[in-house]
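What the coordinates show
One letter stands for each residue in the lines below.
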Amino acid sequence: MTENIYGLFASEIGENFVRIGVEKFRASQVADWMYKRGIYDFNQMSNLSAGLRTKLRGNFSIDFPEEQTAKQSADGKTIKSLLRFDDGEAVETVLMRQPYGNSVCVSSQVGCAMGCKFCASTLAGLERNLTGGEMLAQVQHAQQKLPEGQRVSSVVIMGGGEPLANLDEVLRFMRLCHEPSILDMGYRSFTVSTCGLVPGIRRLQESGLPVTLSISLHAPNDEIRSRLMPINRKYPMAELMGAAYEYALVTKRRVTYEYAMIHNVNDSPEHARELANLLRGKLAAVNLIPLNAVPESGLERSTPERIERFEEMLKVRRITVTVRREMGADIDAACGQLRNSHQKGGF
């Protein structure tokens, strides 16, 4: 059985090569083919001898996911792909193209165990964690969708799964992307999302990587948040907000709070006042998200009027707030929708 080398650093590839009697410097050549040129077949690596290619092929594989299906938004700015790995599991990744750069939303797990009421990713539960290499492949796949000369400029780890429940591999993924011989991306290009795993927030802080933390808050108080997000029963808001405050204090980086606007659940003027009081004086920004409704949840999107009023109430109270521009609503761009549709035979 061959060993997969995709997702390894060049130094790790070199150690594997030495083990079978191949010169260590060959690892840099192979890494360049994989990560810079997007070539995953040893036979196409023309600066390697025929004998060496045969030897590598007999001992190693380069496992890159297959695109099972893809959807492009009508405006051409968003492409959502369903990528299938060798074990048959599939995850979603989304490429979002904007005038200021190209962003990729990456999945960190196959499925999700968190049980948030408004999210399609969690409907079938958690299948498994993704490796750092499998996350890297999502970014490289998106890169291949871009016109020549363009590159992925930022990554949000907000797709399927809970990133902080798979933190070791998420950290490895970001370090892979940062490596000059791979994608050479700055750490400040990354945003890591969490539904509220407090120990994970502290571990991310201790990693020393200057990445942005995004917290899926979605409620201004424990009563509503516990109904929407079961994790709040384990790590209630006082504990979560304390960890977020410390993260901002130590890293000097503003924490983003994601807030899905759900009709008659969390979108009243009183809820806006509560949220403003919660965040006042903190290094924080609120991202209001018009709910991309999942039919199974029974939850509905707030009206544009209620969203606008909510936004204005936060602004008046000097809370930094934006309303997320919808990208890909016409292609089921919310987490888990494309995967679930495919599992049900929708494609």
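The preceding data block contains the structure.
In this report, we go over the structure that sits alongside the text. Model, not experiment: these values are computed from the prediction.

1. A few points about the overall build of the protein
- From N to C terminus, the protein includes 11 helices and 14 strands.
- In terms of overall size, the protein behaves like a compact globule, its C-alpha atoms giving a radius of gyration of 21 Å where 347 residues would be expected to give roughly 20 Å.
- Taken along its principal axes, the extent of the C-alpha atoms in the protein is 70 × 45 × 35 Å.
- The 347 residues of the protein split such that 54% are buried.
- When contacts within the protein are restricted to residue pairs at least 6 apart in sequence, long-range pairs at least 24 apart make up 66% of them.
- For the protein, the accessible surface area stands at approximately 15,200 Å², while carbon and sulfur atoms represent 49% of it.
- For the protein, the centre of its 42 positive side-chain charges and the centre of its 40 negative side-chain charges are spaced 4 Å apart.

2. Some remarks on helix α3 (residues 50-59)
- Along α3, the positions that sit buried rather than exposed are Leu 52, Arg 53 and Leu 56. Along the axis of α3, the buried positions cluster into a sector of 100 degrees, meaning they face one direction only.
- Of the surrounding elements, those touching the buried residues of α3 are α1 (10-19), α2 (26-36) and β2 (60-61).

3. Brief notes about the pattern of salt bridges
- Scanning all chains against the criterion turns up 15 salt bridges.
- Residue Arg 273 is joined to Glu 270 by a salt bridge in which the shortest nitrogen-to-oxygen separation is 3.3 Å. Of the two residues, Arg 273 and Glu 270 both sit in helix α9 (residues 269-279), three residues apart, roughly one turn of that helix.
- Residue Arg 273 is classed as partly exposed on the basis of its relative accessible area, which comes to 32%.
- On the basis of relative accessibility, which here comes to 40%, the residue Glu 270 falls in the partly exposed class.
- Overlapping salt bridges bring together Asp 87, Arg 128 and Glu 134 as one network.

4. Here we look at the packing of helix α5 (residues 167-178) against helix α6 (residues 198-207)
- Packing of α5 against α6 leaves a shortest axis separation of 11 Å and a crossing angle of 30 degrees. By the angle between their axes, α5 is roughly parallel relative to α6. Along this stretch, α5 crosses α6, giving a crossing that reads as right-handed. Packed against α5, whose contacting residues are Leu 167, Asp 168, Leu 171, Met 174 and Arg 175, the element α6 presents Gly 200, Arg 203, Leu 204 and Ser 207 at the interface.
- In terms of residue class, the contact of α5 with α6 is made up of four nonpolar, two polar and three charged.

5. Brief notes about the environment of Arg 19
- Residue placement: Arg 19 occurs in helix α1.
- For Arg 19, a relative accessible area of 53% translates into the label exposed.
- Other than its neighbours up to four places away in sequence, Arg 19 contacts Glu 3 and Phe 60.

6. A look at the sheet that holds strand β11 (residues 212-216)
- Strand order across the open sheet formed by 10 strands is β3-β4-β5-β6-β9-β10-β11-β12-β13-β14, with mixed pairing between neighbours. Here the strands that pair on one side only, and so sit at the sheet edges, are β3 (66-72) and β14 (320-323). Recorded for the sheet is a direction-independent mean angle of 20 degrees between the axes of neighbouring strands.
- As paired strands, strand β9 (residues 154-157) and strand β10 (residues 190-194) are joined by three bridges and run parallel to one another. Across the sheet, Val 155 pairs through a bridge with Phe 190, a residue of β10.
- Along the sheet face, helix α4 (residues 132-145) touches β3, β4 (78-84), β5 (90-98), β6 (101-105) and β9 and points at about 45 degrees away from the line of β5.

7. Details of the pairing of β14
- Here four bridges tie strand β13 (residues 284-290) to β14, and the two strands are oriented parallel to one another. In the sheet register, Ala 285 faces β14, and the bridge partner there is Thr 320.
- You can see the chain leave β13, run along helix α10 (residues 304-316) and come back into β14, and the turn it takes is right-handed.

8. Some points on the environment of Arg 306
- Its location among the elements puts Arg 306 in helix α10.
- When the C-alpha positions of Arg 306 and Ser 73 are compared, they lie 26 Å apart, and in sequence the two are 233 residues distant.

9. What to know about the nonpolar core
- Within the largest apolar cluster, 105 residues are counted, with the highest numbers of intra-cluster contacts made by Phe 173 and Met 174.
- In contact with Phe 173, not counting residues within four places along its chain, are Val 106, Gly 132, Met 135, Leu 136, Val 139, Val 155, Ile 157 and Phe 190.

10. Things to note about the packing of aromatic side chains
- Enumeration over the complete set of coordinates arrives at seven aromatic pairs.
- The interplanar angle of 80 degrees and the centroid separation of 6.1 Å between the aromatic rings of Tyr 6 and Tyr 40 together place this pair among those described as edge-to-face. Here Tyr 6 is found in the loop between β1 (3-4) and α1, whereas its partner Tyr 40 is found in the loop between α2 and α3, with 34 residues between them in sequence.
- Centroid distance Phe 173 to Phe 190: 5.9 Å. Interplanar angle 90 degrees. Geometry classified as edge-to-face. Linking Phe 173 in helix α5 with Phe 190 in strand β10, this pair joins segments that are 17 residues apart in sequence.
- The class of Phe 173 is buried, set by a relative accessible area of 0%.
- On the accessibility criterion, Phe 190 (0% relative accessible area) is buried.
- Here a set of aromatic residues connected by ring pairs shows up, and it is made of Tyr 6, Tyr 35, Tyr 40 and Phe 64.
- Of note, Arg 37 hangs over the ring of Trp 33, and the distance from its end group to the ring centre comes to 3.9 Å.

Cut-offs and rules
- Residues numbered from 1 in each chain as written.
- Predicted model: local features only at pLDDT ≥ 70, side-chain atom pairs only at ≥ 80, totals over all residues.
- Heavy atoms only, no water.
- Helix = DSSP H or I, 4+ residues; strand = E, 2+ residues; numbered from the N terminus.
- Rg over C-alpha atoms; globule rule 2.2 N^0.38 Å.
- Buried < 20%, exposed > 50% of the residue type's maximum accessible area, 1.4 Å probe, protein only.
- Contact = heavy atoms within 4.5 Å.
- Areas by Shrake-Rupley, 256 points an atom, 1.4 Å probe, with all protein chains shown as cover.
- Lys, Arg positive; Asp, Glu negative; His and termini not counted.
- Charge placed at Lys NZ, Arg CZ, Asp CG, Glu CD.
- Arc of directions from axis to C-beta.
- Salt bridge = Lys/Arg side-chain N within 4 Å of Asp/Glu carboxyl O.
- Axes fitted to C-alpha atoms, helices over the stretch in contact; angles between N-to-C directions.
- Parallel < 35°, antiparallel > 145°, perpendicular 65-115°, else oblique.
- Left-handed = near helix turned anticlockwise from the far one by under 90°.
- Nonpolar A, V, L, I, M, F, W, Y, C, P; charged D, E, K, R; others polar.
- Pairing = 2+ DSSP bridges.
- Right-handed = clockwise from strand over helix to strand, strands pointing away.
- Core = buried A, V, L, I, M, F, W, Y, C linked by side-chain atoms within 4.5 Å.
- Phe/Tyr/Trp six-rings, centres within 6.5 Å; stacked < 30°, edge-to-face > 60°.
- Lys NZ or Arg CZ within 6 Å of the ring centre and 35° of its normal.

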